[in-house]
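Examination of the molecular architecture
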Amino acid sequence: MSSLNPSSSPPKSSEAITIKLRNPAGDLIFYKIKRSTRLGKVLKDYASRLGVHQNSLSFMVDDERIMEDSTADMLCLVNGEDIPVRVDQMGCWVFQYLW
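Residues numbered from 1 in each chain as written. Predicted model: local features only at pLDDT ≥ 70, side-chain atom pairs only at ≥ 80, totals over all residues. Heavy atoms only, no water.

In this section: the pattern of salt bridges. Following the criterion strictly, the structure yields five salt bridges and no others. For D82, the salt bridge goes to R22, with nearest N and O atoms at 2.9 Å. Here the residue D82 occupies a position in strand 5 (residues 81-87), and R22 occupies one in strand 1 (residues 16-22), the gap between them amounting to 60 residues. Using a relative accessible area of 33% as the deciding quantity, one classes D82 as partly exposed. When its relative accessible area of 30% is taken as the criterion, R22 is described as partly exposed. Between D88 and R86 there is a salt bridge, and its shortest N-O distance comes to 3.8 Å. Residues participating in the shared-partner salt-bridge network are R65, R86 and D88. (Salt bridge = Lys/Arg side-chain N within 4 Å of Asp/Glu carboxyl O. Helix = DSSP H or I, 4+ residues; strand = E, 2+ residues; numbered from the N terminus. Buried < 20%, exposed > 50% of the residue type's maximum accessible area, 1.4 Å probe, protein only.)

Moving on, we get to the sheet that holds strand 2 (residues 28-34). As a general point, the strands of a sheet are linked pairwise by backbone hydrogen bonds and lie either parallel or antiparallel. Strands sit in the order 2-1-5-3-4 across an open sheet of five strands; the sheet is mixed. Each of the sheet's edge strands pairs with one partner strand only, and the pair in question is strand 2 and strand 4 (64-65). Looking at chain direction, strand 3 (residues 57-61) and strand 5 are connected through three bridges and run antiparallel. Paired with L57 across the bridge in strand 5 is V87. Sitting on the sheet, helix 1 (residues 39-50) is in contact with strand 1, strand 2, strand 3 and strand 5, with an inclination near 150 degrees to strand 2. (Pairing = 2+ DSSP bridges. Contact = heavy atoms within 4.5 Å. Axes fitted to C-alpha atoms, helices over the stretch in contact; angles between N-to-C directions.)

Turning next to the nonpolar core. If you look at soluble globular proteins, the nonpolar side chains tend to sit buried side by side. Counting 19 residues, the largest nonpolar core has I19 and F59 as the members making the most contacts within it. Looking at this core, the elements that each hand over two or more residues are strand 1, strand 2, helix 1, strand 3 and strand 5. Beyond its immediate chain neighbours, meaning those up to four positions away, I19 contacts I29, F30, Y31, I33, L39, V42, L77, E81 and I83. (Core = buried A, V, L, I, M, F, W, Y, C linked by side-chain atoms within 4.5 Å.)

The subject of this paragraph is unusual backbone geometry. Despite not being glycine, D63 has its phi angle at roughly 60 degrees, a positive value. Tracing the chain through its elements places D63 in the loop between strand 3 and strand 4. Unlike most non-glycine residues, C76 shows phi in positive territory, near 55 degrees. Look at C76 and you get exposed, because its relative accessible area is 59%.

In strand 2, alternate side chains face the same way, and those of I29, Y31 and I33 are buried while those of L28, F30, K32 and K34 on the opposite face are not. Here strand 1 pairs with strand 2 via seven bridges, running antiparallel. When the bridges of strand 2 are listed, T18 appears paired with K32. Turn length for the strand 1-strand 2 hairpin, with the two strands adjacent in sequence and antiparallel, is five residues, and the turn residue G26 shows positive phi of about 95 degrees.

Quick look at the structure:
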């Protein structure tokens, strides 16, 4: 007869976790989400709080960009996960003088 250890069971989809979004300056914003919540909702809210367009930011987990339809379960996020946020450069125009 085998006994199951309840602490070794996988997390439930309805279980809430807290994630931290960290900008390059080191500022943190905390979000409490369900594991099945689409992260696009979080990313959109974060961008609107900063007053920038969502496409100007990159949200990274394990050096891969988070897609809008990803969930915490799909990315194997744990409670207290720190997600770095990068500001993407949107085009560049360089004017060079030729003497």
